[in-house]
Amino acid sequence: MAAFERIIKAIAEKINWVAGVAICGMVVLVCADIIMRLLVQAIYGAFEVTNWLAGLAAAFAVAYIQTQRGHVPVDILVVRLSERGRAIVSSITSPIMVGLSGIITWQCVEFGIYMWRSDEVSQILHFPYHFLLYAVALCSPC
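The shown structure was predicted, so the numbers you read here are calculated from the model rather than taken from an experiment. (Residues numbered from 1 in each chain as written. Predicted model: local features only at pLDDT ≥ 70, side-chain atom pairs only at ≥ 80, totals over all residues. Heavy atoms only, no water.)

Enquirer: Just to check I follow, could you spell out the packing of aromatic side chains for this structure?
Expert: The description of two aromatic rings rests on the distance between their centres and on the angle between their planes. Applying the stated criterion across every chain, the model contains three aromatic pairs. Taken together, a centroid distance of 5.9 Å and an interplanar angle of 15 degrees make the contact between Phe 111 and Tyr 114 stacked. You can see Phe 111 and its partner Tyr 114 sitting in helix H4 (residues 83–117), three residues apart, about one turn around the helix. Ring geometry for Phe 127 against Phe 131: centres 6.1 Å apart, planes inclined by 50 degrees, an arrangement best described as tilted. (Phe/Tyr/Trp six-rings, centres within 6.5 Å; stacked < 30°, edge-to-face > 60°. Helix = DSSP H or I, 4+ residues; strand = E, 2+ residues; numbered from the N terminus.)

Here is the structure:
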């Protein structure tokens, strides 16, 4: 089990780097868009790309947060319980989270297939949405 956890944590750390790069990309793009609006004109599609990057950053960061047990509101409630109480809460919430991750992955893949078959693309840049859904599906099981 320890080897499996090490693998998952290593994958989550790599995915978290992708989330960080997405956030940095958002910052650069928004700053460049503001400067370009002042000088000439807005960057075409900047709003759309910023939204994609925000969604990817959120999806990619969840895996790392889960491996670090970084859900602060839950910790505030659980820390007041005894060791046995924490074990009971963990035994209830862990299967629920595994099931929820499975449903998220399944639905992202299903919707990605639908978007791919129907040739759905974004309004401004005409970028296919299914790639973003597959990225979210990839991160969810971690």
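Enquirer: Would you mind going over the environment of Val 30 with me for this structure?
Expert: Here Val 30 lies in helix H1 (residues 2–39). Under the relative-accessibility criterion, Val 30 is labelled partly exposed at 34%. Taking the C-alpha atoms as reference, Val 30 lies 9.2 Å from Ile 43; in sequence the two are 13 residues apart. (Buried < 20%, exposed > 50% of the residue type's maximum accessible area, 1.4 Å probe, protein only.)

Enquirer: For this particular structure, what's the right way to read the state of the cysteines?
Expert: Evaluation of the coordinates by the stated rule reveals zero disulfides. Free of any disulfide, Cys 31 has its nearest cysteine sulfur in Cys 24, 11 Å distant. (Disulfide = S-S within 2.5 Å.)

Enquirer: I keep staring at the packing of helix H2 (residues 46–67) against helix H5 (residues 130–139) and nothing clicks. Help me out?
Expert: A pair of packed helices is captured by two measures, namely the crossing angle of their axes and the spacing between those axes. Where H2 contacts H5, the axes come no closer than 8 Å and their chain directions differ by 15 degrees. Here H2 is positioned roughly parallel relative to H5, judged by the angle of their axes. Helix-helix and strand crossings are classified by hand; for H2 and H5 the assignment is left-handed. Contact residues: Trp 52, Leu 56, Ala 59, Phe 60 and Ala 63 in H2; Leu 132, Ala 135, Val 136 and Cys 139 in H5. (Axes fitted to C-alpha atoms, helices over the stretch in contact; angles between N-to-C directions. Parallel < 35°, antiparallel > 145°, perpendicular 65-115°, else oblique. Left-handed = near helix turned anticlockwise from the far one by under 90°. Contact = heavy atoms within 4.5 Å.)

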